[in-house]
Amino acid sequence: MTNHALENLINSIYTNYPNVCDPWEIVAIVEALGYTDKAIEAEFGCPNALILGQFIYAQRDRFTFVESDRNVTKVSPKLSDEIDIFITQFSHSFIYTVPFILLLILNYLPIDKSIDFLPPELNSLFGFVTMASLITSSGFVQMISRRGLFYMGLKDPIQANRICTPILLMGILTTLLLSSIGMIFGFYLGIATDKYIIIAGVYYVVLSTIWMLFAIVGLQYRFAAPSILIGITCCFFIFRVFLKLSALEAQVTTISIAFILLAILSVSNQIKYRAVKPKFGKLPALPQLSILIYLLIPYFGYGIVYFGFIFADRLVANITTVGHFMLIPGNNLEYQDSMDLALLDLLLIVPLVEYFSYKLIIYWYDRAKNMTLVEIESLPWQIQKKYWSLLSRILLYFGLLMALTILLLSILHRSVIENILTVVACIGYLLFAIGLFNTVILLSLNRLNEVLGILATAMCVDFISGYLISSLFGVYLAALGLILGAILFAVTSSKKILKAIDRADYCYFYSGY
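This one's a predicted model, so the numbers in the text were calculated from it and none came from an experiment.

1. Some details on the overall build of the protein
When you go through the protein residue by residue, the secondary structure sums to 19 helices and zero strands. Looking at the protein residue by residue over its 513 residues, the buried ones come to 47%. Restricting the contact set of the protein to residue pairs at least 6 apart, pairs at least 24 apart contribute 82%. Split by element, the accessible area of the protein, about 25,400 Å² in all, is 67% carbon and sulfur.

Following this line, the structure appears as C-alpha cells:
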C-alpha cells in the first residue's frame, strides 16, 4: 500500500502534526482533510480510514524528528503571581465562613454581657437558620460565580452583570418562598412564639441575600468583599469587647451593616452599567432563561450538597436532641461547640486544598499540551507523582492543625467526651478535605455530574447513618455519620481521580481545554 499520493499524505501529516498520539488521531486528521472510506479505497487501495490510520501510524519511525523533545521555553511564575493566585483561591472559599470563625474565637474569650437585647430562645432558631441559609443560597452562589467568572474572563463585566442579576432575583424569590413556607410550618407546629418565628424568617432572608450579594460584588469589585469582611470583623470585635454585647447580638448588628453596604454596592453597580452605552448600538442578547437554568442546575445542586454534607451531622444532632423530625430547630450547644473546633480546621485547610488542586490542574494541562511521543507514556506517572506530593502536603498541614486543636483542648476546660468528639470530627473533616481535593480536580476536568453523584450519596450516608446511630446510642455519636460519609466521599473520589490520571491525555482533551 504505497504510492506517490500516499507518500505525500504521510509527509504532510508528520510535518504538520509531528506529535500524533495514536492511530485514532491520524484517522481524525485524515477524515478532517475530507477523505471518506470510498475515496480512501479508490485513491490508496485501503478499505477504510482506520486501516489507513494504522498504516500511517506505523510509519512514524521514519520521521526521527517526531521522537525528539521540543525546546519549550518554560517561564517560572513569579512569587507575586503565586501569592496573588493563593489569595484569590483563599478568598473564594474563606469569605462565607468568616462569621463562624469569629463567633468561635470570641465565644471562648472571657467577655461579660451587660444587657441581652435578644432573648436566648432565638439562639436555637438562629443557629438553624444560619445553616439553612448557607445550604439553600450556596446553589445560587455557585450559579452566579460560575457564569459570572465566564464573562469576566471574556473582559465583559456588563454582560456578567446582566447574566447574574436574573440569577440573584431567582435566589431572592426562592429565599422568600422558603422563608414563608418555614414560617407557616413554624406557626402550625408551634416551634416557638410567633414573634420569634417571624424574626428568624426575616433573618434567614437577609442572611441568604448577603451570601448571594457577596458573590456578585466579589465579581465586579475584587477587594470589596474582603474589605467589607474586615470592616464587619472589626465592628464585631468592638461590639463584643467594648460594648459588651453577646455573640448573637453582635452578629445581628454586623450582619445588618454588611447587608446595607452590599446593597449599596449592588445598586450602584446596576446604575453604572445601565448608563454605559453599547459599542455596536445594542447589547448582545442574553441566553434564554430555560437554557441558562439547564446549564447551571448541576452547579446549583453541587452548592446544595456541599454545605448539606458539612451540616448534616448538626441537623441530626438537633433532631436527636428534640426527639423527632417535626422540631428540627433544636440545639445541642455542647455538640455544636465540639464540632465548631473541628470545623475551624476544615475552614483553614480548604483554601490550601483549592490552591493545590489549581496547581495540579495547571501542571496537568501544561504537560498535556507540551507532551511528545517520548513523554506520553510517562504522563500518567508524572501527574500521579505530583498528585501524591500535593496530597501529602495537605495531610501534613492538617496534621499540624489537629496538633494545635489538641493543644487547645488541653487548655480549655471541657469534658472528655467533648474532646473525643472534636478529635473524631477532625478525622471526618480530614477525609472530607481529601475528597474535596479530588472534587475540585474533577470539576476542572468537566466531571461535574460524577462529583455531584458522589457528594450527594456521601451526604445521604452522613445523614441517615448519623441519625440511626445517634438515635440508638446517643447524640454525640452523630459524628460517626460524618466519618462514614467522609470515608465514602474520600475513597470514591480518589478512585475517580486515579482512574482519570491513568488516562491523563484523554481527560485533558475531554475537559475542553
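The discussion continues.
2. A few points about the nonpolar core
One finds Y306, L346, W364, Y429, F437, I441 and L445 to be the most contacted residues of the largest nonpolar core, which totals 112 residues. At 17 residues, helix α13 (residues 333-370) tops the list of elements feeding residues into this core. Those residues in contact with Y429 that lie beyond four places of it in its chain are I310, D313, R314, M339, A342, L343, L346, F398 and L482.

3. Overview of the environment of L448
By the element assignment, L448 lies in helix α17 (residues 448-473). For L448, a relative accessible area of 10% corresponds to the buried category.

4. Thoughts on the side chain of T439
You can see T439 is positioned in helix α16 (residues 416-444). Setting aside chain neighbours within four positions, we find T439 in contact with Y302, V451 and F489.

5. Focus: a nonpolar patch on the surface
On the surface, F237, I238, F242 and L243 cluster together to form a nonpolar patch covering roughly 400 Å² of accessible area. Mapped onto the elements of the fold, I238 is located in helix α10 (residues 224-241). Judged by relative accessible area, which is 39%, I238 ranks as partly exposed.

6. Description of the pattern of salt bridges
Within this structure, the stated rule accounts for three salt bridges. When the shortest N-O distance is used, the salt bridge between D340 and R314 registers 2.8 Å. Here the residue D340 occupies a position in helix α13, and R314 occupies one in helix α12 (residues 289-322), the gap between them amounting to 26 residues. For D340, a relative accessible area of 19% corresponds to the buried category. Taking the relative accessible area as the measure of exposure, R314 reaches 3% and is therefore buried. Note that R447 is salt-bridged to E450, the shortest N-O span being 3.4 Å. According to the relative accessible area criterion, R447 is buried, its value standing at 13%.

7. Observations regarding the packing of helix α15 (residues 379-411) against helix α18 (residues 479-502)
Relative orientation of the contacting elements α15 and α18 amounts to 145°, with a least axis distance of 8 Å. Where α15 approaches α18, its residues P380, I383, Q384, Y387 and W388 are matched on the opposing element by S494, I497, L498, I501 and D502. Split into classes, the residues belonging to the contact of α15 with α18 amount to seven nonpolar, two polar and one charged.

8. Digging into the environment of L173
Tracing the chain through its elements places L173 in helix α8 (residues 157-189). Classification of L173 by relative accessible area gives exposed; the value is 57%. A C-alpha to C-alpha distance of 9.6 Å links L173 and V205, two positions 32 residues apart in sequence.

9. Some points on the packing of aromatic side chains
Using the criterion set out here, one finds 14 aromatic pairs in the structure. Ring geometry for F126 versus Y203: centroids 4.1 Å apart, planes at 5°, classification stacked. Taken together, the residues span a long stretch of sequence, with F126 in helix α7 (residues 122-153) and Y203 in helix α9 (residues 194-220) at a distance of 77 residues. Y203 shares its class with F126; the two are buried.

10. Some thoughts on the state of the cysteines
Here the structure, examined in full by the defined rule, presents zero disulfides. Between C234, a cysteine without a disulfide, and C235, which holds the nearest cysteine sulfur, the sulfur-to-sulfur distance is 6.9 Å.

11. Notes on the side chain of R147
You can see R147 is positioned in helix α7. Among buried charged residues, R147 stands out as having no salt bridge; its nearest opposite-charge side chain is D156, 11 Å away. Those residues in contact with R147, other than ones at most four positions away along the chain, are I163, L292 and L296.

Rules of the game
- Residues numbered from 1 in each chain as written.
- Predicted model: local features only at pLDDT ≥ 70, side-chain atom pairs only at ≥ 80, totals over all residues.
- Heavy atoms only, no water.
- Helix = DSSP H or I, 4+ residues; strand = E, 2+ residues; numbered from the N terminus.
- Buried < 20%, exposed > 50% of the residue type's maximum accessible area, 1.4 Å probe, protein only.
- Contact = heavy atoms within 4.5 Å.
- Areas by Shrake-Rupley, 256 points an atom, 1.4 Å probe, with all protein chains shown as cover.
- Core = buried A, V, L, I, M, F, W, Y, C linked by side-chain atoms within 4.5 Å.
- Patch = residues over 30% accessible without salt bridge, like charges linked within 9 Å, V, L, I, M, F, W, Y side chains within 5 Å.
- Salt bridge = Lys/Arg side-chain N within 4 Å of Asp/Glu carboxyl O.
- Axes fitted to C-alpha atoms, helices over the stretch in contact; angles between N-to-C directions.
- Nonpolar A, V, L, I, M, F, W, Y, C, P; charged D, E, K, R; others polar.
- Phe/Tyr/Trp six-rings, centres within 6.5 Å; stacked < 30°, edge-to-face > 60°.
- Disulfide = S-S within 2.5 Å.
- Lys, Arg positive; Asp, Glu negative; His and termini not counted.

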